[in-house]
Every structure is written in C-alpha cells, then in structure tokens.
Amino acid sequence: QVQLVESGGGSVQPGESLRLSCAASGSIFSIASMGWYRQAPGKQRDLVAVLPSDGQTNYADSVKGRFTISRDNTKNTVYLQMNSLKPEDTAVYYCNGKIQYRSGGRFFNHWGQGTQVTVSS
C-alpha cells in the first residue's frame, strides 16, 4: 500500500507565497517522477510541475518563473514553492507519483488527496 500525503495549502492574498509538501510512504522500491497538478472548480485537472528522477523539470507556462518544484529522494518527498500567487492559481492541488513496488516491476500512478489553495484579496 502506497500513500501520498500533501500539506501546506491555505488562503493567501495575491502576491504572497505558499509551500506545498507531499510525502510518499509504503511499499516503495523506486519513484520515477513526482509532480503537482491542480484542478479549479468546473475545470479539468492540469499539470503544474513535474520532476522526474533525471532532474528535467517541466512547468506549466502559467507558473514558470513563479513556482519551483524540488524533491528530497531520501524522504520520498516533493515540494512546490509558489511565489507571487495570483487569484487564477486558486485550485485544489494534487500530488502525483509514479511508483515502483519492486525491482523490475511496473510503475503505478498514485495521487494524493488534494490540498486547497485559495488566492484572494
């Protein structure tokens, strides 16, 4: 059993910052990538940022220069530093991990429960 647990969401004013964390635990042999997605009300879930094991980050155009994804492989944890937040960043943010349970096994897609980020004046 694998769990991804997010923390760090909240309500802030435009221009402020938040840092999200997501820790993976359970039967983990390897993690290919960890990332963040978000879903605003009435919209689909979209990629925010992803960090594969090769270190080649990928960001949505709307967050480039404002958000930074990082990863602590010793703790199976991924972070999302969000600066200069805008009202359009308001959404539920979900952590994603592509996780291998055993050597040579396939990778499975796992999601966290989501954490609300609200940006409003």
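As a starting point, this report considers the structure included with it. (Residues numbered from 1 in each chain as written. Predicted model: local features only at pLDDT ≥ 70, side-chain atom pairs only at ≥ 80, totals over all residues. Heavy atoms only, no water.)

1. Description of the nonpolar core
By size, the foremost hydrophobic cluster in this structure holds 28 residues, and its most contacted members are Trp36, Val48, Phe67, Ile69, Leu80, Met82 and Tyr93. Among the elements of the structure, β1 (2–7), β3 (18–26), β4 (30–39), β5 (46–52), β7 (67–72), β8 (77–82), β9 (91–100) and β11 (115–119) are those that each provide at least two residues to this core. (Core = buried A, V, L, I, M, F, W, Y, C linked by side-chain atoms within 4.5 Å. Buried < 20%, exposed > 50% of the residue type's maximum accessible area, 1.4 Å probe, protein only. Helix = DSSP H or I, 4+ residues; strand = E, 2+ residues; numbered from the N terminus.)

2. Concerning the state of the cysteines
Considering all chains together, one arrives at one disulfide under this definition. The side chain of cysteine 22 participates in a disulfide bridge whose partner is cysteine 95; the two sulfur atoms lie 2.0 Å from each other. With the S-S dihedral at roughly -80°, the linkage between cysteine 22 and cysteine 95 falls on the left-handed side. Taken together, the residues span a long stretch of sequence, with cysteine 22 in strand β3 and cysteine 95 in strand β9 at a distance of 73 residues. Residue cysteine 22 is classed as buried on the basis of its relative accessible area of 0%. A residue is classified by how much of its surface remains accessible, and cysteine 95, at 0% relative accessible area, is buried. (Disulfide = S-S within 2.5 Å.)

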